[in-house]
Amino acid sequence: MKSIIVSFLFLLNTLMLHAYESEDKLKTVIVGKIAKYISWNEHTSDYFVITVLNNEFGSLFDEVYRDRSIKNRPVKIQYITNIEDMNSSDILFISQKNLHDIDEILLKTKDLNILTVSDLRGFAQKGGSVQLYFLGRNLKIIINIDAMKEKHFRVNNRLIRVSEILKGEDDDK
Amino acid sequence: MISRYTSVLVSFLLLSFSLQAHENIFDKSMEDILAMESELKAEIGSRDGARNCLDSNTPVDVITYKQIESSGLLSLTDVLRYFVAGFNAPETSVADGSDHVRAFTLRGMSPDQVLVLINGKRVHTSALLHVNGVIGRGSSHVDLDTIALGAIDRVEILRDGAAAQYGSDAISGVINIILKGMGHKSSISTHYGQRSKGDGQKVEAEAFISRALKNDGFVNLSMEAIGEEQTQRAGEDHRVSPPTITSHVGIPESKSYKAMLNAEILNMDDLSVYSNALVNYRDSKASAFYRPAASNLVTKQGFLPQIEANILDYALSVGVKGTLGEHSTWNLSNSYGVNEFNYHVEDSMNYTLGTTSPTSFDNGGLKFVQNTTTLDFKKSTDILKIAGGIEFRYENYKINAGDEASYTNNNNFSIPSGSQGFAGFSPENEVDESRTNYALYVDSIVDLSKNLQLEVLARYEEYSDFGESTNAKFALSYKLNPKTLLRMSGSTGFRAPSLAQSFYSQTSSFVNSSTGELTTEGTFKVNHALSQELGAKDLKSERSKNLSMGTVYQPSKNLSFMFDLFFIEVNDRILLTQDIQTTKEQTLTYGVTAARFFTNAAQTKTKGVDVRANYQHFLHDNSKLDFSFWFNYTDNKIIDSRDDTSTYVEKVRIEDGQPKASVRLLTNYQINKFNTALNVSHFGEYYQAIGNEKYKFNPMTAVDLDISYNITKKSKVAIGGNNIFNAVPNKWNNLNGDFYGTNGIKPYSRYSPLGYSGAYYYLRASMEF
């Protein structure tokens, strides 16, 4: 009887491993992971602030980053519906709802020390810093290196290794 | 001591278990997160956009491009047979045009009751109409083998009626082929294989070229060239002395060249222009039955007619889409497709021309053209999503006559006329017919509560020849708890007779399998004088009712179960009659000894169950194990037969000609640079009737294996096999005819779901750049 219980627990142990996640959750989580491998020039807040512009991920950002820290600072999530309402932030996540305003958003954030991340198609080519997309069932990252340099971000090699690197708006991938 | 050890082990396991049960995705490394797979999404089944298959209100399955690659298969028909329990695609022989365009069925129903889409747009069908005694007899359908596998991102299969969404044909299900989009790397690959018997060599070369455009637009071009030798599984011909193998029974010899383009140009101000195109040229050769010297009415020498099919298939789809304010989209597209099927017969003769007969013939051909223009709108709010649109379609069907030598009877009505093997189309068979139809449809999804969703659809369609049809569908899904989804759908549907069914006609010589005698028989249009004399009536559309109910249970994120029951009733099902013997006067008048035509012959009922389980096991050393189990049971019955034109042979073909039960067990293990795909396919018993006798063929199980190794990050080699243990069907049991029988020319049934060519082994290599 004991051996059956042990065997069952052992089997259950091996079964309770990684599984698939929703696309939205993977995008939400990777934002924080990417931040780990990017160096900002300065941080003015006691918090690591992620601002979500026109959120379409429900409560995922709150759930994922509850009681979490990035760069030793507790994460704070801000939700805004208008770029004008943005306060100081480390990351600006731009949802697909902002398709029509993307040029204006990138212009307004161009000189700010904010990492712009989005899952809009063409975002990196338009000047955004980091673009997320799915190839099949796997999440992919595109980094606009020139946009990063303009903002004086330093990108760790570990992030570069797992990303597609885009140089310049007209660069071919 | 042992007891203490066991206690420690149990404690460790319990602690480990509880820690893992609470492991948070945020604690994983960036690389682990990028290696994780998202949910399997599909667009088919709703106009609400791609959604998680496990949350779908109707049963939807997806085959990904990675799965297609690791199957080692080279045709879409074979891919679907490999992965989908309940999908059947026998390989036929000595069946004229049917040897060159494989018929396929879903849930044992007719091939023309499956709608096929590419990127959500209807695909044109083949011009070929199956008129021989094959599975799918009487139907014309999409030629799946025109599609380049390398162009495919995923294949979505909707196992439900969907005529209210997509229009005619979507009765047993819908197959939506999604082409690769942005982000795929360019690549080249090659494949070489052969059968365990040493024949059936196959060589394939493929290239996929992807070019990124501005704003993540793309242009992707896929090109494939495939050459395949025939396989030979014929039995000895006892009509000759000594008995010798005289005919060809097996996979035909073929060469196929395919190209597919998929492109999208994005304007960040919300407009995008998209296009896809395909072209396939295929040259395929198979034989008719051998004509022994004794039956040669002219030269007294035996010969084996070779029927060659030259198939040209091409299509172009262009569209533009954009948004209309927040949460509203529109999409305007036009899809144009053509299939041309031309026959040539070699190594044959026309007896009525005597010694002046040529031995090669241009037998004429078939052509089908379809053009579909669609305008869709979609709007979403918090609790309601609504979509609608209009569609206009034009179809044209042509038959072109062959050379006179291929069809003439030279005014001799006493011997079979036309080129032996397959007589050419005569001027009397020529046809150039068109029709149009337009449709209006609306689709709404409403969240009745947090857990309850209702989708209601309606479609009005009017054909220039068959009048109007209004169909509706409802689909309900209820989240009983976070792990359990209940779903149910009901719909009406229809299928308008194809232009081929309305206007195909052709006469040819056949070898009577009982007497060995050569006879001239024909397929005639419904409105032909002979058909009318034999009792033909104007065709009506088939009408269907579908009901399905099921559940999805996900005890954990890596384990899911699906259970779906289905019931389908088809009224006025269109079937080709059996060969009706003509009177002497009719033979003299029309030149045939038997005739057949299309008729709304029967009411059929289809019921069954699909059971699916999927399990994914991701190990800490970056290895991954995927299991998938699929059981399908389908029962088809003819409930009511209108007249005696549906004979016993047809009844057995529909009710028992395909396995009722089939199983797929798919496993994939990926570790470091190796990937192993091991699949087991099981097909239940099936039957074929000859005359009034029904013959049983035993269940079969095939094992497929593919082992690939990544030499570098961009290059890969693989070795594999399909049906590696060489499962072959049993031969006819207690049947000893010259043509069909244990020792006959065709010792196996043409209904065999796995064919009868046996094991196939291959090597493949690919490289990205």
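This text follows the structure it describes.
Cut-offs used in this document
- Per-chain numbering applies: the sequence of each chain, read as written, is numbered from 1 onward.
- Written order decides the labels, with chains lettered from A and ligands numbered from 1.
- Since the coordinates come from a predicted model, pLDDT governs what is reported: local features require at least 70, and pairs of side-chain atoms require 80 or more to be given and counted, while whole-chain, interface and lining totals use all residues.
- The basis for every side-chain value is the complete set of heavy atoms in the structure, and neither hydrogens nor water enter the calculation.
- Only DSSP runs of H or I with at least four residues qualify as helices, and only runs of E with at least two residues qualify as strands; both kinds are numbered from the N terminus onward.
- Throughout, exposure labels follow a simple rule: accessible area from a 1.4 Å probe, protein chains only, divided by the maximum for the residue type, with under 20% read as buried, over 50% as exposed, and the rest as partly exposed.
- Any two residues whose heavy atoms approach within 4.5 Å at even a single point are treated as in contact.
- Values of accessible area rely on a 1.4 Å probe in the Shrake-Rupley scheme; residue burial ignores everything except the protein chains shown.
- The size measure is the radius of gyration over C-alpha atoms, and the globule rule it meets is 2.2 Å times the number of residues to the 0.38 power.
- For salt bridges, the criterion is a side-chain nitrogen of Lys or Arg within 4 Å of an Asp or Glu carboxyl oxygen.
- A pair of strands counts as paired when DSSP detects no fewer than two bridges linking them.
- Lines fitted to C-alpha atoms define the axes here, with helix axes fitted over just the stretch in contact, and angles between the N-to-C directions of these axes take values from 0 to 180 degrees.
- In this text, buried Ala, Val, Leu, Ile, Met, Phe, Trp, Tyr and Cys residues form a nonpolar core when linked through side-chain atoms within 4.5 Å.
- Pairs of N or O atoms are called polar contacts if they sit within 3.5 Å, as long as, within protein, a hydrogen donor faces a hydrogen acceptor (for residues adjacent in sequence, only side-chain-to-side-chain pairs).
- The aromatic pairing rule takes the rings of Phe, Tyr and Trp, using the six-membered ring of Trp, and pairs them if the centres are within 6.5 Å, calling planes under 30 degrees apart stacked, those over 60 edge-to-face and the rest tilted.
- Cation placement over rings: the criterion is NZ of Lys or CZ of Arg within 6 Å of the ring centroid and within 35° of the ring normal.
- The directions from the helix axis to the C-beta atoms form the arc being described.
- Grid spacing is 1 Å over the protein atoms alone, the probe is 1.4 Å, and a cavity is where that probe fits but cannot get out, while a pocket is an open set with protein on both sides within 12 Å along at least five of seven lines and lining residues have an atom within 4 Å of a point.
- Grid points are joined across faces, edges and corners, and a volume is the space filled by probe spheres set on the points.

Describing the overall build of chain A
Assigned secondary structure in chain A consists of seven helices and ten strands. Within chain A, the fraction of its 173 residues that count as buried is 53%. Residue pairs at least 24 apart in sequence account for 59% of intrachain contacts in chain A once pairs closer than 6 positions are excluded. Approximately 8,100 Å² of chain A is accessible, and the part contributed by carbon and sulfur atoms is 47%.

Here we look at the overall build of chain B
Each helix and strand in chain B was counted, giving ten helices and 37 strands. On C-alpha atoms alone, chain B measures out to a radius of gyration of 27 Å, which is about the 27 Å that the 2.2 N^0.38 rule sets for 769 residues. On the principal axes, the C-alpha backbone points of chain B span a range of 90 × 65 × 50 Å. Going through the 769 residues of chain B one by one, you find that 60% of them count as buried. Restricting the contact set of chain B to residue pairs at least 6 apart, pairs at least 24 apart contribute 68%.

Remarks on the pattern of salt bridges
Two side chains carrying opposite charge are able to pair once their charged atoms lie near each other. Residue and element names in this part refer to chain B. Throughout the structure, instances matching the rule amount to 57 salt bridges over all chains. Measuring nitrogen to oxygen at the nearest pair gives 2.9 Å for the salt bridge that ties D635 to K660. Of this pair, D635 sits in strand β30 (residues 624-641) while K660 sits in the loop between α10 (648-656) and β31 (661-671), and the two are 25 residues apart along the sequence. Look at the salt bridges and you will find they share partners, linking E391, R393, E395, R435, R459, E461 and D465 into a network.

A closer look at unusual backbone geometry
At the junction of S241(B) and P242(B), the peptide bond is cis and its omega measures out at -5 degrees in the coordinates. In this structure, P242(B) sits in the loop between β12 (217-228) and β13 (253-266). Although it is not a glycine, H152(A) adopts a positive phi angle of roughly 60 degrees. Mapped onto the elements, H152(A) comes out in the loop between α6 (145-150) and β9 (154-155).

Here's the deal with the pairing of strand β6 (residues 115-118) of chain A
Residue and element names in this part refer to chain A. Across the two faces of β6 the burial is the same, with L115 and V117 and T116 and S118 all buried. Here four bridges tie strand β5 (residues 91-94) to β6, and the two strands are oriented parallel to one another. Looking at β6, one finds that F93 is bridged to V117. As paired elements, β6 and strand β7 (residues 130-135) share two bridges and run parallel to each other. Each residue of the ladder has a partner; that of S118, found in β7, is Q131.

Focus: the sheet that holds strand β4 (residues 73-80) of chain A
Residues and elements named next belong to chain A. Across the sheet, eight strands lie side by side as β3-β4-β2-β5-β6-β7-β8-β10; this open sheet has mixed pairing. The open sheet has two free edges, formed respectively by β3 (69-70) and β10 (164-166), since each of these has just one partner strand. Sitting on the sheet, helix α2 (residues 23-36) is in contact with β2 (48-53), β3, β5, β6, β7 and β8 (138-144), with an inclination near 140 degrees to β7. Of the strands in this sheet, β2, β5 and β6 touch helix α4 (residues 102-109), which is tilted by about 175 degrees from β5.

Description of the nonpolar core
Note on soluble globular proteins: their nonpolar side chains tend to be buried together. Residues and elements named next belong to chain A. Counting residues in hydrophobic clusters, the biggest one holds 41 residues, and the most contacted among them are I50, Y65, L115 and L132. Considering each element in turn, this core owes the most residues, six residues, to α2. Those residues within four positions of I50 in sequence are excluded, and the remaining contacts are V31, F61, Y65, I70, V75, K76, I77, Q78, S89 and I91.

Thoughts on the side chain of S335(B)
Residues and elements named next belong to chain B. Assignment of secondary structure puts S335 in strand β16 (residues 328-346). We classify S335 as buried; its relative accessible area is 9%. A distance of 2.8 Å separates the side chain of S335 from the side chain of S317, its partner in a polar contact. Excluding its chain neighbours within four sequence positions, the residues that come into contact with S335 are K121, L316, S317, Q370, N371 and T372.

Digging into the pairing of strand β18 (residues 384-400) of chain B
Residues and elements named next belong to chain B. Direction of pairing for strand β17 (residues 361-380) relative to β18: antiparallel, over a ladder of 16 bridges. Bridging across to β18, K367 finds its partner in K398. The antiparallel hairpin formed by β17 and β18 contains three residues in its connecting segment. Sheet analysis places β18 next to strand β19 (residues 431-447), joined by 16 bridges and oriented antiparallel. Residue I390 lies in a different strand from β19, and its bridge partner there is L440.

Observations concerning the packing of aromatic side chains
The geometry of an aromatic ring pair is captured by the separation of the ring centres together with the interplanar angle, meaning the angle of the planes. Enumeration over the complete set of coordinates arrives at 28 aromatic pairs over all chains. Sitting over the face of the ring of Y47(A), K76(A) holds its NZ or CZ atom 5.4 Å from the ring centroid.

What about α4(A)?
Residues and elements named next belong to chain A. Within α4 the residues assigned to the buried category are I102, I105, L106 and T109. The arc enclosing the buried residues of α4, seen along the axis, measures out at 95 degrees, which places them on a common side. Considering only its buried residues, α4 is in contact with β2, β5, β6 and α5 (123-126).

Topic: α10(B)
Residue and element names in this part refer to chain B. The buried count for α10 comes to seven of nine residues, which makes it a mostly enclosed element. All of the buried residues in α10 are V649, E650, V652, R653, I654, E655 and D656. Those residues of α10 that are buried lie in contact with β26 (559-576), β30, β33 (686-690) and β34 (693-697).

What to know about the sheet that holds strand β7 (residues 121-122) of chain B
Residues and elements named next belong to chain B. If you walk across this open sheet you meet the five strands as β3-β8-β9-β6-β7, and the pairing is mixed. The sheet is open, and its two borders are formed by β3 (60-64) and β7, each paired with just one other strand. Pairing of strand β6 (residues 114-118) with strand β9 (residues 173-179) involves five bridges; the strand directions are parallel. When the bridges of β9 are listed, V114 appears paired with G173.

Here's the deal with the side chain of S75(B)
Residue and element names in this part refer to chain B. The residue S75 is located in the loop between α3 (65-71) and α4 (76-83) in this model. A distance of 3.1 Å separates a polar atom in the side chain of S75 from the backbone nitrogen of D78. Not counting chain neighbours up to four residues away, the residues in contact with S75 comprise R102, D145 and L149.

Considering empty space enclosed by the protein
Residue and element names in this part refer to chain B. In the structure shown here, the tally under the stated rule is eleven cavities of 30 Å³ or more. Put simply, the largest cavity is a space of about 720 Å³. Along the walls of the largest cavity sit 35 residues, with S75, D78, E91, R102 and K202 positioned nearest its centre. For the lining of the largest cavity, the elements supplying multiple residues, two or more each, are α4, β12, β13, β14 (272-287), β32 (674-683) and β35 (700-710).

Quick notes on the environment of N451(B)
Within the fold, N451(B) resides in the loop between β19 and β20 (452-463). A sequence separation of 30 residues divides N451(B) from N481(B), and the C-alpha atoms of the two residues are 8.4 Å apart.

A short note on the environment of T77(B)
Residues and elements named next belong to chain B. Structurally, the position occupied by T77 is in helix α4. Placed 40 residues apart in sequence, T77 and L117 show a C-alpha to C-alpha distance of 14 Å. Excluding its chain neighbours within four sequence positions, the residues that come into contact with T77 are F87, A89, R102, L144 and D145.

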